[in-house]
Each structure stands twice: as structure tokens, then as C-alpha cells.
Amino acid sequence: MSIKAYKYRIDASKVTAEKLQWVLDRARELYNAALAERKEAWRMAGKSIGYYEQKRDVVEIKEQIRPEYQDVASHVLQDVILRVKRAYDNFFRRVKNGEKPGHPRFQGRHRYNSFTYPDGAGWKLEMVKEPDEKRGRGRGKLHLSKIGTVKVKLHREMAGKIKTLTIKREGQHWYAVFTCEVETKPLPVSHEDVGIDLGVTHFAALSNGKLIDHPRYFRHAEKKLARAQQAVSRKKKGSHRRAKAVRQLAKHHRKVRNQRRDFHHKASRQLVNRYQVIVFEDLQTKNLTQAPAPKQDEATGQYLPNGAAAKAGLNTSILDAGWATFTLMVSAKAAWAGRSVVFVNPKNTSQLCSGCGAVVKKDLSVRWHSCGCGTELDRDINSAKLILHLGYQQLSGRTGPTPATA
Ligand SMILES: [Zn+2]
């Protein structure tokens, strides 16, 4: 059994959104009150107040002290108490380990951004249209007791049994996060392995010669982001117009993030479905961030293009953002499916020949790998082949395919 989370955007009317915020404020208030109580007990007597004690107190709070809390689903309130308990469990565990952790913190309006229905009580999801790979996104209605009904955009299908529902606020938007319990199902063993070079020209080059391109909307989004960024910097600090431009920029960022996540999910799914061993470069050591050495023209002494500008642009590109997240997604899906992911040291993977092992120096601007041994191919695919080779070496301490591909 494994837990999987699905996050969907909520479409709430103004009135309902205000109610969501009201519940969130009550939850935060309760969190801080419960925290204060525990803190005081710890300070006064060095003892902790138990979870069950605090849970019982909630009943009293509702009945006698703050009747408006009756308008919040009771399991949501219990979950708040559980969050405080978790924060304290963590705190005590670290104290026990001899660490000096900070006390659990009071939560401000901007930090405390979600409340949770820990089980099936207090809400109901009604499918209006099931999401479908071919026919596009689905729609649902989420009924929240004492709050109202909101629309949910279901851009992908949920798997497994829904266990909890968390309502989360990000900026101006609300999201529903469902956690589902799913059975882990290993895929049948595949006899195909792959080395992958993540890049900017293509999203990924595979050792078998296939290329996965960036979705075209990434380039488009990149331009839009740049424009939104300029709009912010042109406006006067503290002005309303600037605040509006900042909101616009945040909106673009959010959109790009979501699009990228969807794309990453799809691409990682495809890779894991097909390949048994998947080899990536270890991105932390990937030398993309190192500036290339300056090159001078011998005759004139002038500096020649060395790909530095391309590299600088590339480092700020949205195209390279999220590679680490992508490899994490592949790793997670692979673990589920009984597949392997290997990370190798990327040193020299862009300069060696995958055919004969010779060094073939090339700038970033040279897209083609051409070697005296007769090896001719896209430079990124050449890298991908080397990456697969390194993966095999790492897996078995020897050269050659794994048993799965033999
Ligand atoms: Zn060669």
C-alpha cells in the first residue's frame, strides 16, 4: 500500500471562498491556541498536554466558549489538534536525540494555508465528468458541509481509495488535495534500458535515439513571464499598479509550474512504463552551471563566442527548471513499478565518443557529434549513450548490459 496525492484547482464563488477563508482562520486560531496551551504547560511544569485531552477540549470550546466553532466540521477541528500533536512529537523526538530544536511556531496568516478532512466525513465529491486521457479534463462538484459546493477541475484521474481531503490556499487560489491509498503494482520486467540526457534544446535525449521535446507552450510561457517581469519593474514601488502587476506575474508563475508538473508526470510515466533501468546524470554535479573558459582569437586577440551567453540564458531558462523534480518523479514511479533509477557522475558525458571512447571536444553551440571512428549522431544522444554505459558500470562494476537486458 502506498499513499498518492492528487491536487486539483477549485473554482469557488466569492461567497464560498470567503467561507473557506473563514474556516481556515478558525483552524489557524485553534492551532495557535492549542499550541499556546502546550507551550505554557511545558514552560510551567515541563510536561506535555496530551492529544486526547486537547481533543476533548474542542468539544467544550464549541459548546461553551466559542459557539461559532460549531460551524466548522468537527473532524477538521480534530485534525488541527492532530497537527499540533505532530509538531510536538517532532519537537520531543529531537529533544530526545540531544538536538536543540526550536519550539513549534505560532502560525501567521500566510503560513497556515490549509485545513484537512482526515476521513470521509463532512464532504462529498460528485463526478460530473470523468477525466479521460483522450477526451480531456474532468469536472467534479465538491460538497463541503457548512461551507457549500465548489467546482473542481480534474485534470487527471485519481487512483485508489480516497483517504483524506485537504483544502489548500495558494495566493488567490484554492486547491483540493486528495490523498489516496493505492496498491503498489510492479510492472512486468522490461528488457529495455535507457540513458537520459536532460537538456535545453530537447527536454530529454534517450540513448536509443529518441528525443522528448519541450512542450511548445514552454517557450511561449517563457516570453510571457519575461514580459510580466518587466511590467513589474516598470511600475513604481508601493503603487497599486505594481501590486496588480505582481499578482499577474505570480499568476503566470503558477500557470507555468502547473503546466510543467503535468508534463513531467506524463513524461515520467512513459519512461517508467517502458524501461527497466533508467540512468540519469547526477544533476547536482552537472557542470551546466560552470562557466565555459573564455576563448581568444589567436590573430586578433578578440574574444570569440564560447557558448557562455547561451549558457547564461540557459541557466535562467524555465526549460531547465524542475529537472530535479522530474528525476524525483521518475524515481518515485519507478519504485512503485519495480524499476531501477541510477544516477551517474556527468563528468565528460558531453565530450567523449559513445562509439570509441575518444575525446571529441565541442562547444555548447555544436549540436552534432562527429568522430573519426565513424560515429555520427546528435550530441545529446551521444551523451545519453554514455550515461547508459556509466549506469551499467555503476550497477555491476563492469561494462555491459544488466541481466534484464542480456
Ligand atoms: Zn569515436
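Our subject is the structure listed above.
Since we're looking at a predicted model, the values are computed, not measured.

Draft legend 1. Quick peek at the overall build of the protein chain. A count of helices and strands for the protein chain gives eight helices and 16 strands. Put simply, the protein chain has 406 residues, and 40% of those count as buried. Partitioning the intrachain contacts of the protein chain with sequence separation of at least 6 by distance along the chain shows that 64% fall at a separation of at least 24. Counting every atom, the protein chain has about 23200 Å² of accessible surface; 52% of that belongs to carbon and sulfur.

Draft legend 2. Representation of the side chain of threonine 164 in the model. One can find threonine 164 in strand 6 (residues 161-170). We classify threonine 164 as buried; its relative accessible area is 19%. In terms of polar contacts, threonine 164 uses its side chain to reach the side chain of threonine 179, at 2.5 Å. Ignoring any residue separated from it by four or fewer positions in sequence, one finds threonine 164 in contact with Thr116, Tyr117, Pro118, Val177, Phe178 and Thr179.

Draft legend 3. Just a positive patch on the surface, in detail. On the surface, Arg219, Lys223, Lys224, Arg227, Lys251 and Lys255 cluster together into a patch of positive charge. Those elements that place two or more of their residues in the positive patch are helix 4 (216-234) and helix 5 (240-274). In this fold, arginine 219 is placed in helix 4.

Draft legend 4. Focus on the sheet that holds strand 7 (residues 173-182). Pairing is antiparallel in the open sheet, where seven strands are placed in the order 2-6-7-1-5-4-3. The open sheet has two edge strands with one neighbour each: strand 2 (114-117) and strand 3 (123-129). Put simply, the sheet's adjacent strands are angled 30° from each other on average, direction ignored. Bridging between strand 2 and strand 6 involves four bridges; their strand directions are antiparallel.

Draft legend 5. Just the coordination of the zinc ion, in detail. Within the protein, the atoms that donate to the zinc ion are Cys353 (SG), Cys356 (SG), Cys371 (SG) and Cys373 (SG), at distances of 2.3 Å. Given four donor atoms and angles of 108 to 112° at the metal, the environment of the zinc ion is assigned as tetrahedral. Coordination of the zinc ion draws on donor residues from a single chain, spaced C-x2-C-x14-C-x1-C in sequence. One end of the pair, cysteine 353, is in the loop between strand 14 (340-344) and strand 15 (368-370); the other, cysteine 371, is in the loop between strand 15 and strand 16 (376-378), with 18 residues separating them in the sequence.

Draft legend 6. Examining helix 3 (residues 74-96) more closely. In this model helix 3 runs 33 Å from its N-terminal to its C-terminal C-alpha over 23 residues, within 8% of the 33 Å that 1.5 Å per residue would give. Within helix 3 the residues assigned to the buried category are Val76, Leu77, Asp79, Val80, Ile81, Arg83, Val84, Tyr88 and Phe91. For helix 3, the secondary structure elements touched by its buried residues are helix 1 (14-45), helix 2 (51-65) and strand 2. At the exit of helix 3 stands glycine 98, carrying a positive phi of roughly 85°.

Rules used throughout
- Residues numbered from 1 in each chain as written.
- Predicted model: local features only at pLDDT ≥ 70, side-chain atom pairs only at ≥ 80, totals over all residues.
- Heavy atoms only, no water.
- Helix = DSSP H or I, 4+ residues; strand = E, 2+ residues; numbered from the N terminus.
- Buried < 20%, exposed > 50% of the residue type's maximum accessible area, 1.4 Å probe, protein only.
- Contact = heavy atoms within 4.5 Å.
- Areas by Shrake-Rupley, 256 points an atom, 1.4 Å probe, with all protein chains shown as cover.
- Polar contact = N/O pair within 3.5 Å; in protein donor to acceptor, adjacent residues only side chain to side chain.
- Patch = residues over 30% accessible without salt bridge, like charges linked within 9 Å, V, L, I, M, F, W, Y side chains within 5 Å.
- Salt bridge = Lys/Arg side-chain N within 4 Å of Asp/Glu carboxyl O.
- Lys, Arg positive; Asp, Glu negative; His and termini not counted.
- Charge placed at Lys NZ, Arg CZ, Asp CG, Glu CD.
- Pairing = 2+ DSSP bridges.
- Axes fitted to C-alpha atoms, helices over the stretch in contact; angles between N-to-C directions.
- Donors = N, O, S within 2.8 Å, 3.2 Å for Na, K, Ca; no water.
- Tetrahedral: all angles 85-135°; square planar, octahedral: opposite > 155°, others 65-115°.
- Expected span 1.5 Å × (residues − 1).

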